[in-house]
Amino acid sequence: MTILEKVTALLGEGAVLEAGTDRVPRVAPGSPDAVALLLGTAHQEGWRVRIEGAGTWLQSDAPADLALTTRRLDRIPAIEPSDLTATAEAGIGLDQLRQQLADRGAWLAIDPPGLAGRTLGSVVSTATAGPLRHGFGPIKDHLLGVTFVTGDGRMVQSGGRVMKNVAGYDLTRLQAGGFGAFGVIVLVHLRLRTLPRADVTYVLEGAREDLTQVGEDIAAAGLTPAALELVSPALARRERWVLAVRLAGSPALVAADEAGLGAASGGGRFSPLRAEEAHAFWMRLAEGFSVRPVTFRIGGVPAASDELLDLLQHQLGDEWISASPAAGAIRWTGDTNIDRLQRLRRTLAGLEVPLTLERAPWPLRGAVGHFGAYREGVGPLVAGLRRTFDPGGALVVATEGS
Amino acid sequence: MDGLPTHRLIPDLVVLPGTREELVAVVRLLAALGVSFVPRGAGTGLSGGALAAEGSVLLVLTRLNRIVRIDRDSRLAVVEPGVVNAKLGAAARPAGLQYAPDPSSQSACTIGGNVAENAGGPHCLKYGVTANHILALEVLLADGSLVEIGSPSGESWGPDLVGVFVGSEGNFGIATRITVRLTPLPRAVRTLLADFTGLRTAGEAVSAIIATGIVPAALEMMDQSCINAVEDSVYAAGYPRDAAAVLLVEIDGRNSDAVVAETDVVTDLLRQSGARSVRSAATEAERERLWQGRKKAFGAMGRLSRDLVVQDAVVPRSVLPQVLETIAAIATHYGLVVSNVFHAGDGNLHPNISFDATDPVLKNKVEAASAEIMQACIAAGGTITGEHGVGIDKMRYMPLIFDAESLGAMQAVRRVFDPDERVNPGKVVPVHACREWTHARGDRVGSRGAAPRGEAA
Ligand SMILES: Cc1cc2nc3c(=O)[nH]c(=O)nc-3n(C[C@H](O)[C@H](O)[C@@H](O)COP(=O)(O)OP(=O)(O)OC[C@H]3O[C@@H](n4cnc5c(N)ncnc54)[C@H](O)[C@@H]3O)c2cc1C
Ligand SMILES: Cc1cc2nc3c(=O)[nH]c(=O)nc-3n(C[C@H](O)[C@H](O)[C@H](O)COP(=O)(O)OP(=O)(O)OC[C@H]3O[C@@H](n4cnc5c(N)ncnc54)[C@H](O)[C@@H]3O)c2cc1C
């Protein structure tokens, strides 16, 4: 029997989708149990499986015998507006989830780069946070628990549905940013906020150094923006760098911060965006990252952000950059090669700055890896965890590169 | 023993290393001898985590108490594990910064213990728990090797090993150096005390506040039994003794206009939700007094009887009123005194049972009542611990919330860090309830024929 025939026998015809251009069979299990069945079989048969969400982000180019897509895991079993929690399957599109939450007055305060239909599971697995990371923290801070299926088909739950939970070791944090190396996430328990009653965006254009200073002044003045994002001219499609400030929360808080903004703007003048403009601005920023082939993020302390931006400019060119300096996060997108990326990662490692490769064509991704430049002793721990959760190496993920 | 009165063990040997080098040397020696050990901070843990059984060496870390550095620009501090939580807070203050997690035990507990337990505290509602504040760690593994995980920005090198380590209850190794995030001190603070004639209305007020989208810095509840214990003690805070419950609500922020406006909204809401009175602390001294009562409530309750079991569980916020009624019914059934003081804003309950542990009948009743309380919280969609950890005390409840496969996964992760299970053995995961996992090195973890889900150990 071919792989396709075996899978059809296992999960039924409905689970088999049209293959992509590389003709690798694409399978969409309809339930968490079906994911477990499929991976258990893959483990026994020695199939190599690549994981896909909606397939909007990473090119479907990893060498594999089978592509597992989560797109039929698209239910939302629970939204509890009074507890501010929700449970959703990993394949739900973020846009659909957002809409259903908004209908109940709830908000998932994340804005990862990407297209509207990107799946919740992939956002968790890549831990790609957007500008809201400044005010609301990285993706992991929004997770109460996950259920995942290991590379050999075991279903594991971690965490739960409540706000605080220290029962057992925290395997949720292993999955957030694991890029699927430790299993396929099938179900996610989320921590929500109430939809902000006030939500406004201001932008200021200027020279990068001046805007960094304004950003620091804003922090020093005690304002508490939801986002404080420094965007390069090419990405913002403006003449100069842009500092975008999003204030979201209770009307009282937003009004107070708006009043403080003028004083902190270093002589420049922030201009408010109308609601549609603001929406378009943040959306363009999110989608902009898919235009160029390579995207990575680096994390450095706020005080080093200028130096790091200089370094990126010097080594790779700075046309497409978005940074939350106060949150210590910088994202770069553009075109580069294996050599330069590896060199950059080494340089950054010397500065205690990790580089996570978020997106690249397989030849580069496979060589450089999502992760790398571990400190002494870390590699064996990661390898041990990988073997624990995928003993047969069924899941094709470019963790450390080759 | 630690802060849990129901368990006591005598270690074979206690070592108090004075430097990291001494600690490393001791752990390497123990590795060579194949002896297990238990890291211990201040011993304020409430789940028996820092207890060393026969055959284990207790490694007390309180002498490793240096604050290595406070970096104002990068808003972080690097500390040794034995630094006391409140001391770090005091050291950060001159820089206009704070270490936000504030367990009620903060005047005694250590940052190392906080990391191991993923400790919370009243102000974690707004600022997050320990896990949200740990950027990087140096960890001494059981084999005596040191690894550095995390980075000063909090971005990880690869998978989030810091996130996995925090809350591992001393089972993955010893945190020997800890980089924590510091946050700016709030510039304006308002503290409110609202009193209610019913627990249910107090619970509803909590939900009403959260629904506005305003996130108070703290939102704490105390019931009548707790109020009376506090008022009878030297920490008397002026809580009304005839109230069924009081809520302590704190609004803080960097902008005083916003804090004033949000406080007005919350005050109105409390009144609309049935508060008999809402009092605002007029001075810093009054604020401290209100908080003193809350933070020393456990101590005050400790005076009610010889021993006090401080329980810990979490439920969805919306079911708080029902669960509190169930707990009261359980207390009545067993004829026990249960007082509640807890983090209402995130549904983290602390039902406390006063008793005399020398009375075996009473002790059994306390165990049985605790188990029923845990079951009620689980049935309501909650969990068995929100901040005190599993330790030895709660291992028996683990199979009630995790199936054999998930417990096996935890055990397997533990063995990646500590293949021989020599650090703090016999805690957190009930090994007999785990399904078998092939360990990374090829040996087997757990046992076959694991207990099915839902069957208590
Ligand atoms: C226009 C655009 C711009 C983007 N910009 C960025 C960016 O700058 N930085 C960035 O990091 N991301 C970016 N993303 C990606 C995005 O934030 C998420 O990675 C994700 O939402 C992509 O969605 P998807 O469902 O199409 O995932 P896919 O592209 O199908 O998969 C993405 C990755 O997630 C893994 N994965 C998916 N589902 C699971 C699961 N359930 N369990 C385990 N692993 C899983 C896959 O193996 C793969 O590694 C962008 C996406 C788009 C479309
Ligand atoms: C009155 C009172 C009030 C409390 N209030 C709160 C509260 O509000 N919130 C809260 O979360 N907790 C609270 N606690 C519980 C307790 O204070 C916390 O769990 C605290 O984090 C324990 O710190 P410790 O230094 O006393 O650790 P210990 O009790 O000594 O040890 C606890 C665990 O940590 C491990 N450990 C200690 N140091 C290290 C290290 N360096 N590396 C690895 N493992 C280590 C030990 O092995 C043990 O398993 C309270 C306790 C009391 C007595």
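Being a predicted model, the structure only gives us computed values, none of them experimental.

What counts as what
- For every chain, the first residue of its written sequence is number 1, and the numbers climb from 1 along that sequence.
- Working convention: letters from A go to chains and numbers from 1 go to ligands, in the order in which they are written.
- Two thresholds apply to this predicted model, a pLDDT of at least 70 for residue-level local features and 80 or more for giving and counting side-chain atom pairs, whereas whole-chain, interface and lining totals are computed over all residues.
- Note: side-chain values were computed over all heavy atoms of the structure, leaving out hydrogens and water.
- The nonpolar core is taken to be a set of buried Ala, Val, Leu, Ile, Met, Phe, Trp, Tyr and Cys residues, with the residues joined through side-chain atoms within 4.5 Å.
- In this scheme, a residue with accessible area under 20% of its type's maximum is buried, one over 50% is exposed, and one in between is partly exposed, where area comes from a 1.4 Å probe on protein chains only.
- Whether two residues touch is decided by their heavy atoms; if any such pair falls within 4.5 Å, the residues are in contact.
- Segmentation of the chain into domains, including their bounds, is taken from an automatic or database domain assignment.
- Reported buried area values correspond to the accessible surface (1.4 Å probe) lost by two parts on association, with both partners' losses combined.
- One side-chain nitrogen of Lys or Arg within 4 Å of one carboxyl oxygen of Asp or Glu is enough to make a salt bridge.
- Any two strands between which DSSP finds at least two bridges are classified as paired.
- Segments assigned H or I by DSSP are reported as helices when at least four residues long, segments assigned E as strands when at least two residues long, and all are numbered from the N terminus.
- Here an angle of 0 to 180 degrees is reported between the N-to-C directions of two axes, which are lines fitted to C-alpha atoms, with helices fitted over the stretch in contact.
- One heavy atom within 4 Å of a molecule or strand is enough for the residue carrying it to be called near that molecule or strand.
- Polar contacts here mean pairs of N or O atoms no more than 3.5 Å apart (in protein, one a potential hydrogen donor and the other a potential acceptor; neighbouring residues in sequence count only if both atoms are side-chain atoms).
- Per-residue and other accessible areas were derived by the Shrake-Rupley procedure at a 1.4 Å probe size, with only the shown protein chains allowed to occlude residues.
- Three residue categories are used. Nonpolar comprises Ala, Val, Leu, Ile, Met, Phe, Trp, Tyr, Cys and Pro, charged comprises Asp, Glu, Lys and Arg, and polar comprises the others, including Gly.

Enquirer: I'd love a proper account of the nonpolar core, names of residues and values included.
Expert: The biggest cluster of nonpolar side chains holds 162 residues, and the ones touching the most others in it are Leu97, Leu120 and Phe389 of chain A together with Leu137, Leu247 and Leu270 of chain B. Beyond its immediate chain neighbours, meaning those up to four positions away, Leu247 of chain B contacts Leu192, Leu193, Ala194, Phe196, Ala202, Ala205, Val206, Leu219, Glu220, Met221 and Leu270 of chain B. By size, the runner-up hydrophobic cluster in this structure holds 43 residues, among which are Leu223, Leu243, Trp332 and Leu348 of chain A.

Enquirer: Explain the domain arrangement of chain B residue by residue, including any values.
Expert: Where interface size is quoted, it is often the accessible area lost as the parts come together. Residues and elements named next belong to chain B. Domain boundaries in chain B define domain 1 (1-185), domain 2 (188-299), domain 3 (307-394) and domain 4 (402-456). Taking only C-alpha atoms into account, the centre of domain 1 sits 31 Å from that of domain 2. Listed by partner, the interface residues are twelve residues for domain 1 and 15 residues for domain 2. Roughly 1100 Å² of surface becomes buried between domain 1 and domain 2 when both sides are summed, with 50% attributable to carbon and sulfur atoms. The tally of links between domain 1 and domain 2 comes to two salt bridges.

Enquirer: Provide a residue-level description of the sheet that holds strand 8 (residues 143-149) of chain A, including the pertinent values.
Expert: Residues and elements named next belong to chain A. Ordered by their spatial adjacency, five strands build an open sheet running 5-6-10-8-9, and the pairing between neighbours is antiparallel. The outermost strands of the open sheet, each flanked by one partner alone, are strand 5 (78-80) and strand 9 (155-159). Pairs of neighbouring strands in the sheet enclose a mean axial angle of 15°, with direction left out of account. Pairing of strand 8 with strand 10 (residues 184-191), which is carried by six bridges, proceeds in the antiparallel orientation.

Enquirer: Which residues make up the site of ligand 2, and what values do they have?
Expert: All names here are of chain B. Neighbouring ligand 2 are 33 residues; Pro39, Gly41, Thr44, Ser105 and Thr110 lie closest to it. Between ligand 2 and Ser105, the relevant distance is 2.6 Å, taken from an oxygen atom to a side-chain nitrogen or oxygen of the residue. Contacts to ligand 2 include Glu169, whose backbone N or O atom sits 3.4 Å from an oxygen atom. In isolation ligand 2 offers 980 Å² of accessible surface; the protein chains occlude 94% of this area. Among the elements of the structure, strand 2 (36-40), helix 3 (111-117) and strand 9 (174-181) are those that each provide at least two residues to the shell around ligand 2. Sorting elements by how many residues they give to the shell around ligand 2 places helix 3 first, with five residues. Counted by class, the shell around ligand 2 contains 13 nonpolar, 16 polar and four charged residues.

Enquirer: Can you tell me about the environment of Arg375 of chain A, naming the residues and giving the values?
Expert: For Arg375 of chain A, the location among the structural elements is in the loop between helix 13 (362-368) and helix 14 (378-389). Expressed as a C-alpha distance, the spacing of Arg375 of chain A and Glu352 of chain A, which sit 23 residues apart in the sequence, is 9.8 Å. Discounting residues that sit within four places of it in the chain, Arg375 of chain A has contacts with Glu352 of chain A together with Glu148, Gly150 and Trp157 of chain B. Looking at Arg375 of chain A, its side chain comes within polar contact range of the side chain of Glu148 of chain B, at 2.7 Å.

Enquirer: Quick rundown of the sheet that holds strand 3 (residues 49-52) of chain A? Include the residues and the values.
Expert: Residue and element names in this part refer to chain A. Spatially, the four strands line up as an open sheet ordered 1-2-4-3, and their pairing is mixed. The open sheet is flanked by strand 1 (16-17) and strand 3, the only strands paired with a single partner. Here helix 2 (residues 32-45) sits on the sheet in contact with strand 2 (26-27), strand 3 and strand 4 (66-69), set at roughly 160° to strand 4.

Enquirer: Summarise the pattern of salt bridges; cite the residues concerned and give the values.
Expert: In this structure the tally under the stated criterion is 44 salt bridges over all chains. Arg297 of chain A is the partner of Glu155 of chain B in a salt bridge, and the nearest nitrogen-oxygen pair spans 2.8 Å. Highlighted residues: Glu155 of chain B in the loop between strand 8 (146-150) and helix 5 (161-165) and Arg297 of chain A in strand 16 (residues 294-299), drawn from two different chains. Several salt bridges converge on common partners, so that one network encompasses Arg133, Arg297, Arg331 and Glu358 of chain A together with Glu155 of chain B.

Enquirer: I'd like a rundown of the interface of chain A and chain B, residues and numbers included.
Expert: Facing 67 residues of chain A, the contacting portion of chain B comprises 88 residues. A combined buried area of about 6100 Å² lies between chain A and chain B, and 59% of that area is made up of carbon and sulfur atoms. Broken down residue by residue, the surface that chain A buries against chain B is led by Lys164, Val166 and Tyr169 of chain A, which jointly contribute 16%. Linking chain A to chain B there are six salt bridges. In this assembly, chain A and chain B are joined by 23 residue pairs in polar contact (both at pLDDT 80 or more). Of all the secondary-structure elements, those providing two or more residues to the side of chain A that touches chain B are strand 9, helix 6 (172-175), helix 7 (208-220), helix 9 (251-263), strand 16 and helix 14 of chain A. Top contributing element to the side of chain A that touches chain B by residue count: helix 14 of chain A, with eight residues.

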